[in-house]
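Residue-level structural notes
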Amino acid sequence: MNNRKLLKKVIICFSILLSCVPVSCISGRATIIDTGGAIAAIGQQQAQLREEALPEGKQSTGNNKDSDFHYRVWKKGEHYIVDIPVSYAPARYSVLNHICRSSHKSDYKNLECSIPKPHFSQDELADYPTEHLYAELSEFRYKQLFRMSKIRLHSLPDDCLRESPDLSDAELVLDIHGYDFDTREPLHPLFRTHIRPDCLPRRRTWYNQCLRPVSWVAEVVDIPLSLIATPIGWLVDAVYEPLAN
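What counts, and where the lines are drawn
Residues numbered from 1 in each chain as written. Predicted model: local features only at pLDDT ≥ 70, side-chain atom pairs only at ≥ 80, totals over all residues. Heavy atoms only, no water. Phe/Tyr/Trp six-rings, centres within 6.5 Å; stacked < 30°, edge-to-face > 60°. Lys NZ or Arg CZ within 6 Å of the ring centre and 35° of its normal. pLDDT = per-residue confidence, 0-100. Contact = heavy atoms within 4.5 Å. Pairing = 2+ DSSP bridges. Helix = DSSP H or I, 4+ residues; strand = E, 2+ residues; numbered from the N terminus. Axes fitted to C-alpha atoms, helices over the stretch in contact; angles between N-to-C directions. Salt bridge = Lys/Arg side-chain N within 4 Å of Asp/Glu carboxyl O. Buried < 20%, exposed > 50% of the residue type's maximum accessible area, 1.4 Å probe, protein only. Polar contact = N/O pair within 3.5 Å; in protein donor to acceptor, adjacent residues only side chain to side chain.

Turning our attention to the packing of aromatic side chains. According to the stated counting rule, one finds 3 aromatic pairs in the structure shown. Geometrically, the ring pair formed by tryptophan 206 and tyrosine 207 is edge-to-face, given 5.5 Å between the ring centres and 90° between the ring planes. When the ring centre of phenylalanine 120 is taken as origin, the NZ or CZ atom of arginine 92, which lies over that ring, is 3.9 Å away. When the ring centre of tyrosine 88 is taken as origin, the NZ or CZ atom of arginine 203, which lies over that ring, is 3.7 Å away.

Here it is as structure tokens:
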């Protein structure tokens, strides 16, 4: 009898937590636990977009820095080949993501965060060599890709990326370093900032492959953990934000 009452309480609690999910989505607040990602990161390397040092005496007009992205595009026949400089660094997936409703006030403080931060800074990437990936695109795909609404690497065909493309007889049609360039070019300046590194090829060790089934199981366990963590995150927000603002 006691076991039935306990089971009933567990079902009720789980139902209440489950009902919190739509509320969380509507309010734009959620706390996501990702232990599966932490396990999947072991022995995995992920491509990170890499800036290059600007020529001596030149600074990027966009952010007044001494380094920036180097845009290079070749045309070969009816295809375009786009250079994507990267560095391969150990994968980092955030174990805890706390998402908060965005505020129109620029000085409004909230606890939106990712722990650890998934992307490396350019200073951190200095410890890793620069490598190059190349996206080979048809003329139609090239021009469509760089429209403002379509700047997403995951819109590229799966087989378009190359590590060593054939550039013989290819014509270099764009070679610009930084944001100081003619915006009439079909390559939009936001191209770099909208590439999703998690869509670039990854490198995995043999033991990372062995851990993949474990990470999949952990992803399932993360669902109830996230359901439990989300109301706790709401409570933290309710205490923090009035004090911080």
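On average, residues of the protein score 76 in pLDDT, and 69% of them are at 70 or above. Note on residues 148-154: pLDDT under 50 across the span, and 21 contacts to partners over four residues away in sequence or across chains. Note that residues 183-190 has pLDDT below 50 and, in this model, 18 contacts with residues that lie over four places away or in other chains.

A word on the sheet that holds strand β7 (residues 96-99). The strand order β1-β7-β8 describes an open sheet built from 3 strands, whose pairing is antiparallel. The sheet is open, and its two edges are formed by β1 (30-33) and β8 (113-115), each paired on a single side. The sheet shows a mean angle of 5° between the axes of neighbouring strands, taken without regard to direction. Relative to β8, β7 runs antiparallel, the two sharing 3 bridges. Bridge assignment links asparagine 97 to a residue of β8, and that residue is serine 114. Sheet strands in contact with helix α6 (residues 206-244) are β1 and β7, and its direction is about 140° off that of β1.

Right, let's talk about the pattern of salt bridges for a bit. This structure, assessed with the given rule, holds 6 salt bridges. In this structure, the salt-bridge partner of glutamate 124 is arginine 92, at a minimum N-O distance of 3.5 Å. Placement of the pair is glutamate 124 in helix α3 (residues 122-125) and arginine 92 in the loop between β6 (79-90) and β7, with a sequence separation of 32 residues. Accessibility expressed as a relative area gives 33% for glutamate 124, which makes it partly exposed. For arginine 92, a relative accessible area of 23% corresponds to the partly exposed category. Where arginine 203 meets glutamate 131, a salt bridge forms, and the shortest distance between an N and an O atom there is 2.6 Å. Here arginine 203, found in strand β12 (residues 202-204), pairs with glutamate 131, found in strand β9 (residues 131-138); they are 72 residues apart in sequence, far enough to count as distant. Residues joined in a network through salt bridges with shared partners are Arg29, Asp237 and Glu241.

Further remarks concern the pairing of β7. Two elements, β1 and β7, share 4 bridges in a ladder whose sense is antiparallel. Note on β7: the bridge partner recorded for isoleucine 33 is leucine 96.

Turning our eyes to something else, we now look at the side chain of aspartate 237. Position of aspartate 237 relative to the elements: it lies in helix α6. Only 2.9 Å separates the side chain of aspartate 237 from the side chain of histidine 98, close enough to count as a polar contact. Filtering out sequence-adjacent residues up to four positions away, aspartate 237 remains in contact with Arg29, His98, Cys100, Leu111 and Pro242.

The next thing to look at is the side chain of arginine 29. By the secondary structure assignment, arginine 29 is in the loop between α1 (2-27) and β1. Within the structure, the side chain of arginine 29 is placed 2.9 Å from the side chain of glutamate 241, a separation counted as a polar contact.

A word on the pairing of β6. By the criterion of burial, β6 is predominantly enclosed, with 10 of the 12 residues buried. One ladder, built from 4 bridges, connects strand β5 (residues 70-76) with β6; its direction is antiparallel. Counted as the bridge partner of valine 73 is valine 82 from β6. The turn joining β5 and β6, which pair antiparallel and follow one another in sequence, is formed by 2 residues; a positive phi near 65° is taken by glycine 77. Pairing analysis gives 8 bridges linking β6 to β9, with the strands arranged antiparallel. From the neighbouring strand, valine 82 faces β9, where its bridge partner is alanine 135.

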